[in-house]
Amino acid sequence: MKRRLFSQVAFAAALFTPVFAMAAAPVIEVFKSESCGCCGAWVEHLKANGFTTRVVNVENPSDYRERGGIPDKLGSCHTGMVQGYAIEGHVPASDIKRLLAQKPKAKGLAVPAMPLGSPGMEGPRKDPYDVLLVQTNGSTKVFKHYN
């Protein structure tokens, strides 16, 4: 009797484990131009760090930056949307996870321009850059600094 109950519980757990795993992985929608290679590299960085991505190639990624409330001066080459936050540019996955865990009242995160050494922009050198928290009023503060 106990053996039968144990195998039923084990079978049910095996069935539902993928469902729980999918629910735990945040889905980031990424709006980018079709021809951008660094955007694809950033998407791979997100996947390697446990995110599920939905990539949408669009003519004007800046339209999605505007919809997310990210000022143009913070623009980069792609915009992500996750759980109500906008993610502009080459933001490291660890900072997105921290944002989602802390849930601040903010528009999202931004890494302006395309700094070398940020995720998706790996190369021969690493430039220092800031990940900025974009406040609800459009102002920013440094969320994390990278050297």
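Cut-offs applied
- Residues numbered from 1 in each chain as written.
- Predicted model: local features only at pLDDT ≥ 70, side-chain atom pairs only at ≥ 80, totals over all residues.
- Heavy atoms only, no water.
- Salt bridge = Lys/Arg side-chain N within 4 Å of Asp/Glu carboxyl O.
- Buried < 20%, exposed > 50% of the residue type's maximum accessible area, 1.4 Å probe, protein only.
- Helix = DSSP H or I, 4+ residues; strand = E, 2+ residues; numbered from the N terminus.
- Pairing = 2+ DSSP bridges.

- Where an unreviewed UniProt entry is consulted, the chain appears under the name DUF411 domain-containing protein, with the organism given as Massilia jejuensis.

1. Quick word on the pattern of salt bridges
Now for step 1: All told, the structure shown has five salt bridges when counted by the stated rule.
Now for step 2: One continuous salt-bridge network, built from bridges that share partners, spans Arg65, Asp72 and Glu88.

2. Considering the pairing of strand S6 (residues 129–135)
Now for step 1: Burial within S6 is extensive, with six of its seven residues counted as buried.
Now for step 2: Here strand S5 (residues 106–111) pairs with S6 via four bridges, running antiparallel. Residue Ala106 lies in a different strand from S6, and its bridge partner there is Gln135.
Now for step 3: In the sheet, S6 pairs with strand S7 (residues 140–146) via six bridges, with the strands oriented antiparallel. Bridge pairing in S7 places Leu133 opposite Lys141.
Now for step 4: Counting the residues between successive antiparallel strands, the hairpin from S6 to S7 contains four residues, one of them, Gly138, with a positive phi of roughly 95 degrees.

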